[in-house]
Each structure stands twice: as C-alpha cells, then as structure tokens.
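Here is how the chains run, residue by residue.
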Amino acid sequence: MRKMTLRSYVELLQVEDKLRSHPFYFDAARLAIEIYIRLYDKPLVAQHSVDDQLAEMSEQEKKKLLSKQRKAQKKAAHKQQVHSGQDKDGVKKDAKEKEVKQADSEKRESGKDQILLPEELETTKEPLEEALKFLRPLQTLVSGRVETHLLAYRIYCRKKKLLLMLQSVKRAAAIDQNHHELHEHIVDLALAVAASESLARPVSAILRTSLLALLDAPDVYEFNSQFRSTHAKSLPHLLSGCKVWYKLRPEKKDDVIRVVTNLADDLTDRSVKWCSRVLEALRGGDFGDVPEAADRYKGDCHKLFPLTTAFAPAKVDNTEDALDPGVADTQETRPGTEPPEKDGILSESS
C-alpha cells in the first residue's frame, strides 16, 4: 500500500471517530432533540386508520386501490411459481436470495439498515428515549459546548431525574455561568427539589448542598432579583429573568409584562431573533394569557423592524368583489366581443 493511500485511510478513520462533533451534526442533533421534546410536551393527534381512509375514498379510488393490490398479489404468486419450478442451479440462487433477504431483515431489526418513515417517527411512543439517542454522542464528543448540557437538562427534567438534572446544570455552569437559559434551569431545579418529599437522605443532602453553591443567594427570589439587575440591559437575560419572575410571583404579572416588553435603545441583542422569542413567549403562555400585550409588543417591534414579516400587521382585504366568481365572470371578455374602451387608451387614434 502506498504511503499517501495509507495516510488518507487513517485520516478517514479519524474523521469517522469525530464525525458527530462536527458543527453541522450538532445543529441537526439539537433540532432533532427539540422536536422530540415538543412531541413529548404536545403529542400529535393520532392519524386515521386504514379503514377510516378507505371509508373516505370514493368508489373509483377504491377500485384503483384494489386493482393495484390484486396485481401485486398476482406478481408475487408468479414469482413464487417460477422459483418453485427451478432446477438445481435455480434452487441455489433461490437459497442465496433467501440468505440475502434474511440478512437485510436482520440489518433492519438491528437498526443498521433502518427505513425511516415520517409517520412512524412522529408517532413514537418514547420521544425522550429517541432524544437521548441524539444527546449521548454530543455528551461524549461536544461536552465543551454549554448547549449540550442545557439540552440534557431539558430531557432529564421531563424524566424527573434530579441527580442527572444537577449534573447537567453543574457542567453547564462550569462552561458559562452567566448563560440566560442556565438561570432558568437552576431555579427550576431548586423548585423541583423543594417539591420532592420522598428523596433519600444522601440524595437530598447532595442536591441541597450543590444548589446552595449554585444559587449564591439566600433564596431563589433574591437569586432572580440579582440576575435581573446584573443583566438589565441584555434582552436574552431579561427574557429568562422575567420568565422566572412570573413563575415565582404570578401576582406581579403587570410588572413582568412591562419589563419584558421594554424595547429601550440601550438594550443589547435587540434583534429580530430575540424580539421574536419574546413575542413567542407572550403568545405561548409563559406569562399567562396576555393577547393584548402580545399585540402591542408586535406593533412596537414592527416599528423597529418594518420589513420583518413576523411583526407585520394582519392585512384586511375589503375587495370582496375580487373574490366573487360571478363578478369576475362578468368582467371577462366574451368570445366575439371587444373589450370596453377606457379613457381613450384603446381608441383608434392610439
């Protein structure tokens, strides 16, 4: 083997070992994890069964479907007859084909040659387990990114694994202690530990000792207040702080809405991305049912970003005649007639 060929082969093996640490794979894995988390929070409505689909078909569509099924059955029966009447060489070929089919079926069962169908993926019974399949390579190969551990927390908190939640928070804090999403997770973990009554004494001691070090404040209320005052000019931190504020004190909703919808000029990261996230939080119920506040905020964002469709006002079309097919037919030119003249544009002099 030539030297350059061997070197290229070794480099290929190294790429295979680190393929899942590539930024493109990380983005795809993060998207898959977020989709599975959303499927866990809001499962899709079950699709109609085959019988229901047949019931919705017309008679002509049913005949076409049955005709296709009969043709497929005849073709399969013909193949079986041909294979059964083969000579010894044919029998050997048939045996080889059976071995290949068996190997293919084993590959599919083992997941090496799995056929991915959207309908089956979106109706999975264990979305969190599917999300973990994408998370584990990130924890091994991309453990230096804070987003990896934040994604891990979002999965483990839904599985109610307190120790793994603590592990994810501590790893994220070691990378970026001031991350806005980490603040939400620390407060969420503290509330989950306070609400847990059946914890073993050693587990409870570990959780409470670690939380005291993470909070660095007498309680979660003071911790959130310090966070908001420290990052008062950062829109991402302001959004996370207000989410926690509303969760801790829902009676302060008016004050929370006033702060989170503030679009002062001195705010950092006052971009389309983060303004859209604030609007999504207002509409998604993170601050209760506040449709009027969401509409006002959308209007303020439209003034800042007039070309962004996400903040554009809804268009009201009053031209009902344009949607009336009867009116449209009367305005069309009929065969054998000439179009009407308008302001001399179609006159002979022109």
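In this report, the structure presented in the accompanying data block is examined. (Residues numbered from 1 in each chain as written. Predicted model: local features only at pLDDT ≥ 70, side-chain atom pairs only at ≥ 80, totals over all residues. Heavy atoms only, no water.)

## Details of the packing of helix α10 (residues 180-195) against helix α11 (residues 201-215)
Inference 1: Closest axis-to-axis distance for the α10/α11 pair is 11 Å, and the angle between their directions is 150 degrees. Compared by their axis directions, α10 and α11 come out roughly antiparallel. Of the two possible hands of crossing, α10 and α11 adopt the one that is left-handed. Every residue of α11 that contacts α10 at I186, L189, A190 and V193 is listed here: L207, R208, L211, L214 and L215.
Inference 2: The class makeup of the residues in the contact of α10 with α11 is 8 nonpolar, no polar and 1 charged. (Axes fitted to C-alpha atoms, helices over the stretch in contact; angles between N-to-C directions. Helix = DSSP H or I, 4+ residues; strand = E, 2+ residues; numbered from the N terminus. Parallel < 35°, antiparallel > 145°, perpendicular 65-115°, else oblique. Left-handed = near helix turned anticlockwise from the far one by under 90°. Contact = heavy atoms within 4.5 Å. Nonpolar A, V, L, I, M, F, W, Y, C, P; charged D, E, K, R; others polar.)

## Points about the packing of aromatic side chains
Inference 1: Here the structure, examined in full by the defined rule, presents 3 aromatic pairs.
Inference 2: Ring plane angle 35 degrees and centroid distance 6.3 Å describe the contact between Y36 and F134, whose orientation is recorded as tilted. Of the two residues, Y36 is situated in helix α2 (residues 23-41) and F134 in helix α7 (residues 127-141); the sequence distance between them amounts to 98 residues.
Inference 3: When the centroid spacing of 6.3 Å and the interplanar angle of 65 degrees are considered together, the rings of Y246 and F287 count as edge-to-face. (Phe/Tyr/Trp six-rings, centres within 6.5 Å; stacked < 30°, edge-to-face > 60°.)

## Observations regarding the pattern of salt bridges
Inference 1: Taken as a whole, this structure holds 12 salt bridges when the rule is applied.
Inference 2: Between K133 and E130 there is a salt bridge, with the nearest N and O atoms lying 3.4 Å from each other. Of this pair, K133 and E130 are both found in helix α7, 3 residues apart, which corresponds to roughly one turn of the helix.
Inference 3: Owing to a relative accessible area of 51%, K133 belongs among the exposed residues under this scheme.
Inference 4: By relative accessible area, which is 22% here, E130 ends up partly exposed.
Inference 5: E147 is paired through a salt bridge with R145; the nearest N and O atoms lie 3.6 Å apart.
Inference 6: With relative accessibility at 25%, the residue E147 sits in the partly exposed group.
Inference 7: With relative accessibility at 30%, the residue R145 sits in the partly exposed group. (Salt bridge = Lys/Arg side-chain N within 4 Å of Asp/Glu carboxyl O. Buried < 20%, exposed > 50% of the residue type's maximum accessible area, 1.4 Å probe, protein only.)

## Overview of unusual backbone geometry
Inference 1: Phi is positive for K160, which is not a glycine, with a value near 60 degrees.
Inference 2: Looking at the secondary structure, you find K160 in the loop between α8 (146-158) and α9 (162-175).
Inference 3: Relative accessible area serves as the criterion here: at 68%, K160 is assigned to the exposed category.
Inference 4: Positive phi outside glycine occurs at D216, with the angle close to 55 degrees.

## Here's the deal with the nonpolar core
Inference 1: Among the nonpolar cores identified, the biggest contains 40 residues, and I33, L135, I155 and L189 are the most heavily contacted of them.
Inference 2: Of all the secondary structure elements, the ones that give two or more residues to this core are α2, α7, α8, α9, α10, α11, α12 (220-230) and α13 (235-248).
Inference 3: Per-element accounting of this core gives the leading share, 7 residues, to α8.
Inference 4: Within the second largest apolar cluster, 25 residues are counted, among which are L235, V260, W274 and Y297. (Core = buried A, V, L, I, M, F, W, Y, C linked by side-chain atoms within 4.5 Å.)

## Focus on a positive patch on the surface
Inference 1: A cluster of basic side chains, namely K64, K68, R70, K71 and K74, defines a positive patch on the protein surface.
Inference 2: Tracing the backbone through its elements, the reader meets K71 in helix α4 (residues 59-84). (Patch = residues over 30% accessible without salt bridge, like charges linked within 9 Å, V, L, I, M, F, W, Y side chains within 5 Å. Areas by Shrake-Rupley, 256 points an atom, 1.4 Å probe, with all protein chains shown as cover. Lys, Arg positive; Asp, Glu negative; His and termini not counted. Charge placed at Lys NZ, Arg CZ, Asp CG, Glu CD.)

## Section: helix α14 (residues 253-260)
Inference 1: Buried within α14 we find V256, I257 and V260. The arc enclosing the buried residues of α14, seen along the axis, measures out at 95 degrees, which places them on a common side. For α14, exposure combined with an orientation more than 90 degrees from the buried face picks out D254 and R258.
Inference 2: On its buried side, α14 packs onto α13, α15 (272-284) and α16 (291-304). (Arc of directions from axis to C-beta.)

## Considerations on the packing of α2 against α8
Inference 1: Taken N-terminus to C-terminus, the directions of α2 and α8 make an angle of 20 degrees; their axes are 11 Å apart at the nearest point. In terms of orientation, α2 lies roughly parallel with respect to α8. Crossing of α2 against α8: the hand is left-handed. Where α2 approaches α8, its residues F26, R30, I33, E34, I37, Y40 and D41 are matched on the opposing element by E147, T148, L151, R154, I155 and R158.

## Quick word on α11
Inference 1: Given a rise of 1.5 Å per residue, 15 residues ought to cover 21 Å, and the 21 Å separating the end C-alpha atoms of α11 matches this to within 8%.
Inference 2: Directly beyond the C-terminal end of α11, a positive phi value near 55 degrees is found at D216. (Expected span 1.5 Å × (residues − 1).)

## Focus: the side chain of H185
Inference 1: Considering the arrangement of structural elements, one finds H185 in helix α10.
Inference 2: Residues within four places of H185 in sequence aside, it is in contact with L150, Y153, R154 and V169.

## Topic: the side chain of K298
Inference 1: For K298, the position within the fold is in helix α16.
Inference 2: Not counting residues up to four positions away in its chain, the partners in contact with K298 are L279, R283, A310, F311 and A312.

## Regarding the environment of V142
Inference 1: Within the fold, V142 resides in the loop between α7 and α8.
Inference 2: V142 gets classed as buried once you look at its relative accessible area, which sits at 8%.
Inference 3: Along the backbone, V142 and K18 are 124 residues apart, and their C-alpha atoms lie at a distance of 9.7 Å.
Inference 4: The residues contacting V142, other than those within four sequence positions of it, are R20, S21, F26, P137 and T148.

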